[in-house]
Protein chains: 2
Amino acid sequence: MTQEESKMQLPEGYSFRKLKSTDYSNNYIETLKVLTTVGNITEEQFGNLFATWSKNPEIYQPHVIVNSSGTIVATGMLLIESKLIHECGKVGHIEDISVATSEQGKKLGNYLVRSLSLLAKNSGCYKVILDCSSHNVGFYEKCGYKNDGIEMVQRF
Amino acid sequence: MTQEESKMQLPEGYSFRKLKSTDYSNNYIETLKVLTTVGNITEEQFGNLFATWSKNPEIYQPHVIVNSSGTIVATGMLLIESKLIHECGKVGHIEDISVATSEQGKKLGNYLVRSLSLLAKNSGCYKVILDCSSHNVGFYEKCGYKNDGIEMVQRF
């Protein structure tokens, strides 16, 4: 076991896995609502989005952590971008990390970010990046990240 | 013409268009080398990457500006991500903006970023984001962007 892997441990019975098409009613949407506005997503909308993601499995890699009852308690997306720069290099983007309020304090977020980062590394990415607010910098530093630039936005 | 569009003007004979499969020998790679390390990309590698991008035209939208001779003088990628949050919202990511050294000072970068941002807006994105170093913040502010967070990285 590498030092990187030895740091990673989930509570007993918990596991990290890919999102499934049947997760609509398995607390996925509720978990994302901890992060931001989600809105009312119908089962059909979820199905269409899941199909879009599944059509492009090398690009979209949505993952979750489930507890010992199989209920989703944390979510995170790894998006893998194929570039021309860096000898046709790939870059991982981590998006939409969210942990259910009642499950916070168990280092699930740390486990999730490290697991998605390892997936990016094992997929041949030369780096993985993410954007966060200044008060989350410390959390991501504990996950092995460092400040590398500024996020700029234009909203419509 | 909206105020946004009226700000956008290219030098005579220049145009903004999608990247083409035949652009391998049209200064595309040389233009990207102004931005960062590219390496030696063969025509086959370029072809494979172009095919990957073309298979997913809603996700990968690589664009260029060409001069009056049809030669590429600026490059930029718009990546469109489909999310669940914000009512199955879409987010545009602007990547790999580069302007040929001999063409700088003509506001091509500004035109390119505004054009990609408009594409994102017209594709239904609720926002478009990008990462930059602190010394490029002023440039992106002139393109209509504002600081929204911190970029974090892990390199492999």
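Quick caveat, the model's predicted, so the values are computed rather than measured.

**As for the interface of chain A and chain B**
Then step 1. With 60 residues of chain A at the contact, the number on the chain B side is 60 residues.
Then step 2. A combined buried area of about 5600 Å² lies between chain A and chain B, and 59% of that area is made up of carbon and sulfur atoms.
Then step 3. For the chain A face of the interface with chain B, the top three residues by lost area are L84(A), M152(A) and F156(A), together amounting to 16%.
Then step 4. Applying the counting rule to chain A against chain B returns 32 residue pairs in polar contact (both at pLDDT 80 or more).

**Considerations on helix α5 (residues 108-122) of chain A**
Structurally, the α-helix is built with 3.6 residues per turn, so residues lying three or four positions apart point the same way.
Residue and element names in this part refer to chain A.
Then step 1. For α5, which comprises 15 residues, the first-to-last C-alpha distance of 21 Å matches the rise-based estimate of 21 Å (1.5 Å per residue) to within 8%.
Then step 2. Counting buried positions along α5 gives twelve out of 15 residues, so the element sits mostly inside the fold.
Then step 3. Among the residues making up α5, those that are buried are L108, G109, N110, Y111, L112, V113, R114, S115, L116, S117, L118 and A120.
Then step 4. Following α5 by one or two positions, G124 has its phi on the positive side, about 90°.

**Topic: the relation of the copies chain A and chain B**
Then step 1. You can overlay chain A on chain B at an RMSD of 0.0 Å; the transform is a turn of 180° with a shift of 0.0 Å along its axis. Each copy turns onto its partner about a two-fold axis. Nearest to the rotation axis, the C-alpha of I150(A) is located 2.4 Å from it, this being the minimum over chain A.
Then step 2. The residues that chain A uses at the interface reappear at the interface of chain B in 100% of cases, marking a shared surface.

**A few points about the sheet that holds strand β1 (residues 15-18) of chain B**
Then step 1. Strand order across the open sheet formed by twelve strands is β1(A)-β2(A)-β3(A)-β4(A)-β5(A)-β6(B)-β6(A)-β5(B)-β4(B)-β3(B)-β2(B)-β1(B), with mixed pairing between neighbours. Taken across any chain shown, the strands that pair with only one partner, and hence form the sheet edges, are β1 (15-18) of chain A together with β1 of chain B. Each strand of the sheet is rotated relative to its neighbour by a mean of 30°, with strand direction disregarded.
Then step 2. The sheet contact formed by β1(A) and strand β2 (residues 60-66) of chain A spans four bridges and is antiparallel. Residue pairing across strands places R17(A) opposite V64(A), the latter belonging to β2(A).
Then step 3. Strands β6 (146-155) of chain A together with β1, β2 (60-66), β3 (72-82), β4 (90-99) and β5 (125-132) of chain B of the sheet are contacted by helix α5 (residues 108-122) of chain B, whose axis makes an angle of about 25° with β3(B).

Rules and cut-offs
Each chain has its residues counted from 1, following the order in which its sequence is written. By the order in which they are written, chains take letters starting at A while ligands take numbers starting at 1. Only residues with pLDDT of at least 70 get local features here, since the model is predicted, and only at 80 or more are side-chain atom pairs given and counted; chain-wide, interface and lining totals rely on the full set of residues. In computing side-chain values, all of the structure's heavy atoms are included and hydrogens and water are not. Here, two residues are considered to be in contact whenever any of their heavy atoms come within 4.5 Å of each other. As used here, buried area is the combined drop in accessible area, with a 1.4 Å probe, of two parts when they are placed together. In protein, a polar contact requires one atom able to donate a hydrogen and another able to accept it; more generally it is a pair of N or O atoms within 3.5 Å, and residues adjacent in sequence count only if both atoms are side-chain atoms. Each helix is a run of DSSP H or I of at least 4 residues and each strand a run of E of at least 2, with the numbering of both proceeding from the N terminus. Multiply 1.5 Å by the residue count of a helix minus one, and that product is the helix's expected span. Note on classification: 1.4 Å probe, protein chains only; a residue is buried when its accessible area is under 20% of the maximum for its type, exposed when over 50%, partly exposed between these limits. Superposing copies: least-squares fit, C-alpha atoms only, residues required to have pLDDT of at least 70 in both. The pairing criterion for strands is at least two bridges between them, as found by DSSP. Axis definition: a line fitted to C-alpha atoms, limited for helices to the stretch in contact. Angles are taken between N-to-C directions and run from 0 to 180 degrees.

Such coordinate-based values are descriptive only and should not be taken to indicate function.
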